[in-house]
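As a plain string of letters, each chain reads:
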Amino acid sequence: MGMGSIEGTQVENLWVFVLASKYGAFTRSVDKYSLWCFIMTCFVWLVLSLIYWAYPGGPAWGKYRFRKSFFNYLNISTAKQQQQHGPIPGGPRGFPVIGSMNLMCGLAHHQIAAAADKFNAKRLLAFSLGETRVIATCNPDVAKEILNSSVFADRPVKESAYGLMFNRAIGFAPYGVYWRTLRRIAATHLFCPKQIKASESQRFEIARQLVAMLGASPTRDIRVREALKHASLNNMMCSVFGRKYRLDTSNPEVNELRELVDQGYELLGALNWSDHLPWIADLDLQQIRFRCSKLLPKVNRFVSRIIAEHRAQPGQLNRDFVDVLLSLRGPDKLSEPDMIAVLWEMIFRGTDTVAVLMEWILARIVVHGEVQSRVHEELDKVVGRSRAVTEGDTAMLVYLGAVVKEVLRLHPPGPLLSWSRLAITDTTVDGYHVPVGTTALVDMWAIMRDPDVWSDPLAFKPAERFMMGATSAASGDQFEAKGPGFFSDLRLAPFGSGRRTCPGKTLGLNTVIFWIASLLHEFEWLPVNQRTRSSTVVDLSEVLRLSCEMANALTVRIRARRTPS
Ligand code: HEM
C-alpha cells in the first residue's frame, strides 16, 4: 500500500541505515570526523522526523506539507496553485516515523471511526501509516465523492498482492486497459444474468447437500462455519474450474485448494509494515514476501494442472470459466500466468465473502427469534412445506431480502470497503486538497451504524428499514429481494461503488439469499442452550482478517421443519 507516496521520501531514512551499516568500520578506524558526521546525520534525521510528526495527520502528511511549504517559499507559482486547491485535512499525529499504524491493528474500522469522532473529522480524516498518506471518511456524501471519482479508480500497491500475482487480476490490477478488459470478460462470462441462471442447478445441488449434511446431526452442537466455507468453495470450483465434489466426502484436491486459499487470505489480510515503511522492506520482518514466494509456485502448479486438463478436453456444453478464458482470441487473449491470476482470484474472492456473510445472517437469526419466526412464516406462505425452495422463489421472499440487507448493514464482510483506493492525480475531496499517491479509505461500517444516517442504528430492524412501501410477498405484491435498498447515496453500500465496485454482487447475493432461504426452510435454528434464548447466547464480536468474520465461530442446534425431499 502507498507506494505512490514514496516520491523519494526514503532518502533521509536511507542515509541513516547506510551509515549505520558502516558503523563497524567507523568505530574500527576511529575516524572522529566520520563519527561526527554519523551523529549529525542521525540528529538531522531525528529533528526532521519530529518536525514531520508535529503536523496534524502525522509524519507522512508532515513530510508532504513541509516540502510544499519549502517549495512554496522558493516558488511563488506553486504557492498559488496550493491556495487554489484549498487546505489539507487534519487528523491524529500518531507516533514519530510510524504514524498511526496502531489504527490498522485489530478492528481497524472501529479505530478509524473512533479517531474520526475524536478529531471531529467524520467527513474527512487524515492520518499517516508510516510513509503512506491516508484519508478516511465516515460520511456517505464524501464516500460517494471518493468512490465514484475516476481519480480514485486505482488500488494502492500491496507487496503481498504483487507477490501472489493479484496485480494481474481484477482486484489489484492498475486502472487501465488491462483492468477494463478483465472486468469486461468477467462481466460477460461469469457475472452476467444468463451465466448466473445457468449455474442455478449447481447451487441447488449444493444447497441440497448442505441440508443433508447438517440434518444428519440434529442432536449435536453444530459449528456451521466449516460447512459454509466448504459449500462456497465447491460452488466456486464448479463455476470457475468446472469441478464437482460432494460436500460430505473429503477430497484431496478440495483440501489442497482450501489450504492455498487460507494461506493467501492470511498473507493478503495481514498488515504488512513493509508496505508503509519502505526502508525496512528489504528485511521482510514479517516474512510476508518469503511466504508469498513459497505459496505462489503451489498455486501455479494447481491452476496450471487444471488449465492443461481443459486444453486437452475442452468443455462443449457446460463451459466453465477456464474454457471461457481459453477460448479468448485477439486482444482479449490472456497469457497463461494472467489466466492463472484471474482464475485464482475468482476462487479466492468468491469463497469467503459468501460464507462469512451467511454465518452472520444465521447468527442474527438465532439471536432474534421473532425475526426467524417471521422468515419461517414467509417461507411457508411463498414455498409451503411440501417442497424445497428454488431460486425462483427468492424474488418473493421480501422479508428475507430485508433481513439480508440489515445484516449487511450491521456486519459488512468488507467494513473498510475491502481494498482501499489510491489517488492517481492531485485532487480535491470535500474541499480539501488531496495529493497524488494518497490512499483513501471508506469506513462503510461506521457509515452504516451512524446515528446521523440511520435512526436507532444498532437495533436490528429489517422490516422498518427495508420494507417501507413494499408489501409482503404473502399479499401477492412483488418486491425484488436483491434490488432496492442499496442506496445510490451510499448510506448502504457493502459492495462498494463506482468503477471498482464489486462485480460479484449479484452472483454473491443470489447465492447467499438462496442458500439461507433453503437452510431456514428446512430447519429451525436454535442457540446451543435452548432454555436461554437471549442475545447473550451468541457472541457477535468481530475479528478483521481480509473479511470481517465472527470472532467465535457460530455454534447452533437445529430442528427439522419439514421432511427433506
Ligand atoms: C457476497 C459477498 C460479497 C461482498 C460483501 C463483497 C464486497 C466487495 C467490496 C466491498 C469490494 C470493493 C469495492 C470497491 O472498492 O468499491 C469488492 C471487490 C471485488 N469483489 Fe466482491 N464481494 C462479495 C462477493 C464477491 C464474489 C462472489 C466475487 C466473485 C466471484 C467477488 C469479486 C470481487 C472482485 C473481483 C473485486 C475487485 C473489483 C475491482 O477492483 O475492480 N466479490 N467486493
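Remember, it's a predicted structure, so these values are computed and weren't measured experimentally.

Each value, and the rule that gives it
- Residues numbered from 1 in each chain as written.
- Predicted model: local features only at pLDDT ≥ 70, side-chain atom pairs only at ≥ 80, totals over all residues.
- pLDDT = per-residue confidence, 0-100.
- Helix = DSSP H or I, 4+ residues; strand = E, 2+ residues; numbered from the N terminus.
- Contact = placed C-beta atoms within 7 Å.
- Pairing = 2+ DSSP bridges.
- Axes fitted to C-alpha atoms, helices over the stretch in contact; angles between N-to-C directions.
- Buried ≥ 20, exposed ≤ 12 C-beta atoms within 10 Å, placed from the backbone.
- Near = placed C-beta within 6 Å.
- Nonpolar A, V, L, I, M, F, W, Y, C, P; charged D, E, K, R; others polar.
- Parallel < 35°, antiparallel > 145°, perpendicular 65-115°, else oblique.
- Left-handed = near helix turned anticlockwise from the far one by under 90°.
- Expected span 1.5 Å × (residues − 1).

J.: Can you walk me through the confidence of the model for the protein in this structure?
T.: The predicted structure's coordinates, where accompanied by low pLDDT, should not be read in detail. Taken as a whole, the protein shows an average pLDDT of 88; of its residues, 87% reach a score of 70 or greater. Of all secondary-structure elements in the protein, the lowest mean pLDDT belongs to helix H1 (residues 11–21), at 51, while helix H18 (residues 369–382) reaches the highest, 98. Contacts of residues 1–12 to residues separated by more than four positions or lying in other chains number 34 contacts, the stretch itself having pLDDT below 50. Predicted confidence is poor over residues 471–484, with pLDDT under 50, and the contacts of this stretch with residues over four places away or in other chains come to 31 contacts.

J.: Sorry if this is basic, but what is going on with the sheet that holds strand S4 (residues 421–422) here?
T.: Two modes of strand pairing occur in sheets, parallel and antiparallel, and in both the strands are linked by backbone hydrogen bonds. The four strands lie next to each other as S1-S2-S7-S4, forming an open sheet whose pairing is mixed. At either margin of the open sheet sits one strand with a lone partner, and together these are strand S1 (125–129) and S4. Here two bridges tie S4 to strand S7 (residues 439–442), and the two strands are oriented antiparallel to one another. Opposite Arg 421, over in S7, you have Ala 440 as the bridge partner. Here helix H6 (residues 108–118) sits on the sheet and contacts S1, strand S2 (132–137) and S7; the angle it forms with S1, its principal contact strand, is near 130 degrees.

J.: Even after reading the chapter, I still don't get helix H7 (residues 140–147), so can you show me in this structure?
T.: What sets the pattern is the α-helix's 3.6 residues per turn: residues three or four places apart point alike. Taken across its eight residues, H7 has seven buried, putting it largely inside the fold. Pro 140, Val 142, Ala 143, Lys 144, Glu 145, Ile 146 and Leu 147 are the residues of H7 that are buried.

J.: Could you clarify how one ought to interpret the pairing of S1 in this entry?
T.: Moving residue by residue along a regular strand, the side chains alternate between the two faces of the sheet. Extensive coverage of S1 is indicated by the burial of five of its five residues. Both faces of S1 are covered, namely the face carrying Leu 125, Phe 127 and Leu 129 and the face carrying Ala 126 and Ser 128. Sheet analysis places S1 next to S2, joined by five bridges and oriented antiparallel. Among the inter-strand pairings, Ser 128 is bridged to a residue of S2, identified as Arg 133. Counting the residues that bridge the hairpin from S1 to S2 gives two residues, and of these Gly 130 lies at a positive phi of roughly 55 degrees.

J.: Mind showing me how you'd approach the site of the ligand here?
T.: Among the 29 residues in the neighbourhood of the ligand, the closest are listed as Gly 350, Gly 496, Cys 502, Gly 504 and Gly 508. Counting residues per element, the shell around the ligand draws most heavily on helix H17 (residues 336–367), at seven residues. Per-class residue counts for the shell around the ligand are 14 nonpolar, eleven polar and four charged.

J.: Would you take a moment to explain the packing of helix H13 (residues 252–269) against helix H15 (residues 288–312) for this structure?
T.: Two packed helices can be described by the angle between their axes and the distance between those axes. Two numbers describe how H13 lies on H15: the axes approach to 10 Å, and their chain directions differ by 150 degrees. When the axis of H13 is compared with that of H15, the two are roughly antiparallel. Taken as a pair, H13 and H15 cross one another with a handedness that is left-handed. Residue-level inspection shows Glu 256, Leu 257, Leu 260, Gln 263, Gly 264 and Leu 267 of H13 in contact with H15, the latter providing Ile 288, Arg 291, Cys 292, Leu 295, Lys 298, Val 299 and Phe 302.

J.: What is the right way to read the packing of helix H3 (residues 32–54) against helix H4 (residues 59–74) from this model?
T.: Running from amino to carboxyl end, H3 crosses H4 at an angle of 100 degrees, the nearest separation of the two axes being 6 Å. Taken together, the axis directions place H3 and H4 in an arrangement best described as roughly perpendicular. When H3 is examined against H4, the residues Ser 49, Ile 51, Tyr 52, Trp 53 and Ala 54 are found in contact with a partner set consisting of Pro 59, Gly 62, Lys 63 and Phe 66.

J.: Help me understand helix H11 (residues 200–215) in this model?
T.: Taking 1.5 Å of rise per residue, the 16 residues of H11 would be expected to cover 22 Å, and the 22 Å separating its terminal C-alpha atoms lies within 8% of that figure. In this structure, the buried side of H11 is in contact with strand S3 (222–223), helix H12 (224–241), helix H22 (505–522) and strand S11 (555–560).

J.: What is the right way to read the sheet that holds S3 from this model?
T.: Ordered in space as S3-S11-S8, the three strands form an open sheet in which the pairing is antiparallel. Strands at the two margins of the open sheet, each flanked by one partner only, are S3 and strand S8 (523–527). Pairing between S8 and S11: five bridges, direction antiparallel. What sits directly across from Phe 523, in S11, is Ala 560.

J.: What should I look at first to understand the environment of Ser 420 in this one?
T.: Assignment of secondary structure puts Ser 420 in the loop between helix H19 (398–410) and S4. Note: C-alpha distance between Ser 420 and Ala 440 (20 residues apart in sequence) is 6.0 Å. Once you skip the residues sitting within four places of it in the chain, Ser 420 turns out to touch Arg 155, Pro 156, Thr 439, Ala 440 and Leu 441.

J.: I would appreciate a short explanation of the environment of Pro 413 in the present structure.
T.: Here Pro 413 shows up in the loop between H19 and S4. When the C-alpha atoms of Pro 413 and Ser 547 are compared, they prove to be 5.0 Å apart, with 134 residues separating the residues in sequence. Beyond its immediate sequence surroundings of up to four residues, Pro 413 is in contact with Thr 353, Val 356, Leu 357, Ser 547 and Cys 548.

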